[in-house]
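# Inside the fold
What follows is each chain in one-letter form.
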Amino acid sequence: MSSGDLNLTNSAPLDVNALVIVPQRKIGTKIMAAICVILLLLLARAFWKGDIAWEYVGQNLFTRAVMSGVGNTIIMTFCAMIVGIVLGVIAAIMRMSDNPVLRGISVGYVWLFRGTPALLQLLLWFNLALIFPAIGIPGLWSLRTVDVMTPFVAALLGLGIQQGAYTAEVVRAGLLSIDKGQMEAAQSIGMTKLRATLKIVLPQAMRVIVPPIGNETIGMVKLTSLASVIQYSEVLKNVEDIYYVNSRVIELLIVAAIWYMVVVTLLSIAQIYIERHFSTGWGRRDASAQQAANQALTGEAS
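Everything quoted here is computed from the prediction, not taken from an experiment.

Within the protein, the secondary structure is distributed over 13 helices and two strands. Residues counted as buried form 30% of the 302 residues belonging to the protein. Long-range pairs, those at least 24 residues apart, make up 74% of the contacts in the protein with a sequence separation of at least 6. Counting only carbon and sulfur atoms, one obtains 67% of the accessible surface of the protein, whose full area is about 19600 Å².

For the structure on display, the rule yields five aromatic pairs. An angle of 25 degrees between the planes, with centres 6.4 Å apart, marks the rings of tryptophan 48 and tryptophan 54 as stacked. Among the residues examined, tryptophan 54 registers a relative accessible area of 33% and is labelled partly exposed. Between the aromatic rings of tyrosine 109 and phenylalanine 113, the centroid separation amounts to 5.3 Å while the plane-to-plane angle is 55 degrees, which identifies the pairing as tilted. Of this pair, tyrosine 109 and phenylalanine 113 both sit in helix H5 (residues 100–115), four residues apart, which is roughly one turn of that helix.

Below, the discussion takes up the pattern of salt bridges. Tallied over the full model, the rule gives five salt bridges. The residue arginine 144 makes a salt bridge to aspartate 147 at a minimum N-O spacing of 2.9 Å. The class of arginine 144 is exposed, set by a relative accessible area of 52%. Judged by relative accessible area, aspartate 147 falls into the partly exposed class, the value being 45%. Among the salt bridges present, the one from arginine 172 reaches glutamate 169, with a minimum N-O distance of 2.9 Å. Remark: glutamate 169 and arginine 172 occur in helix H8 (residues 151–176); sequence separation between them is three residues, near one turn of the helix. Within this structure, Arg95, Glu169 and Arg172 form a network of salt bridges that share partners.

Before going further, it helps to spend a moment on the pairing of strand E2 (residues 141–144). A regular strand carries its side chains on alternate faces of the sheet. Two elements, strand E1 (residues 134–137) and E2, share four bridges in a ladder whose sense is antiparallel. Bridged to alanine 134 within E2 is arginine 144. Connecting the antiparallel pair E1 and E2 is a turn made up of three residues, with glycine 139 showing a positive phi of about 85 degrees.

Once that is clear, we can look at H8. With 26 residues, H8 should cover 38 Å at 1.5 Å per step; its first-to-last C-alpha distance of 37 Å lies within 8% of that length. The largest bend in H8 is about 25 degrees, located at tyrosine 166.

Conventions and cut-offs
Residues numbered from 1 in each chain as written. Predicted model: local features only at pLDDT ≥ 70, side-chain atom pairs only at ≥ 80, totals over all residues. Heavy atoms only, no water. Helix = DSSP H or I, 4+ residues; strand = E, 2+ residues; numbered from the N terminus. Buried < 20%, exposed > 50% of the residue type's maximum accessible area, 1.4 Å probe, protein only. Contact = heavy atoms within 4.5 Å. Areas by Shrake-Rupley, 256 points an atom, 1.4 Å probe, with all protein chains shown as cover. Phe/Tyr/Trp six-rings, centres within 6.5 Å; stacked < 30°, edge-to-face > 60°. Salt bridge = Lys/Arg side-chain N within 4 Å of Asp/Glu carboxyl O. Pairing = 2+ DSSP bridges. Expected span 1.5 Å × (residues − 1). Bend = angle between axes of the 7 residues up to and from the residue.

Below is the structure:
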């Protein structure tokens, strides 16, 4: 046996508690953070020193035209999302139906309205009178399409129907996340598949459905800006009307950006509370049950 082996054998046991944990030096992340802060400061300085008349931003922030546009943006957002959610739930249930005709219609609906741009759909609905000069029931009543297809109706149909195609896939993913045993148990007590889906499966799937729907709602706030192309008086359209008069383009666009951020922030806060409501009881354990489990694990380890 060598002297080195003898020294290792006779050495005192290593005291783990005496070891000092040295934190890792994250030099790279610190450098990246410093660069980001510097860039943000330079960007803020550029905007502050730029040729921007900030007094016009304050003067136009709460004008009647701007506030009317903000209200119309919020109204269109919620109306389009209601249409989209209703159509999405119907399309998702049709997609999971045993009837091949219903499945085919659902697949075709999603394929068509997800495959065409939102702006194109808005323009098609707004110019529907070029294809159908009048709409109604032949022999009973008829209306001129140009009178019916107002900017609000065209924007609602264009945004809401497209949103339904995206919502259908979100709802279908949520329904598929629930164990099939839930449906089988509901059907075993006499429920139809449709009733079991609406009463048993869908409420449980809301935990999965709500977060992406919340994101879609926030996206819809910004998507309503496309409706300015068909003369719907949302916030961007009204801001454009103002800067066409006073030529303060950047200042008025900043006003629109501020209001978009305000609305999105409020919706984001609401989304947090809605998600928390639907997540109640998921991923949590009773304190006594957790303590019992810890004691059982301790007993097994000993």
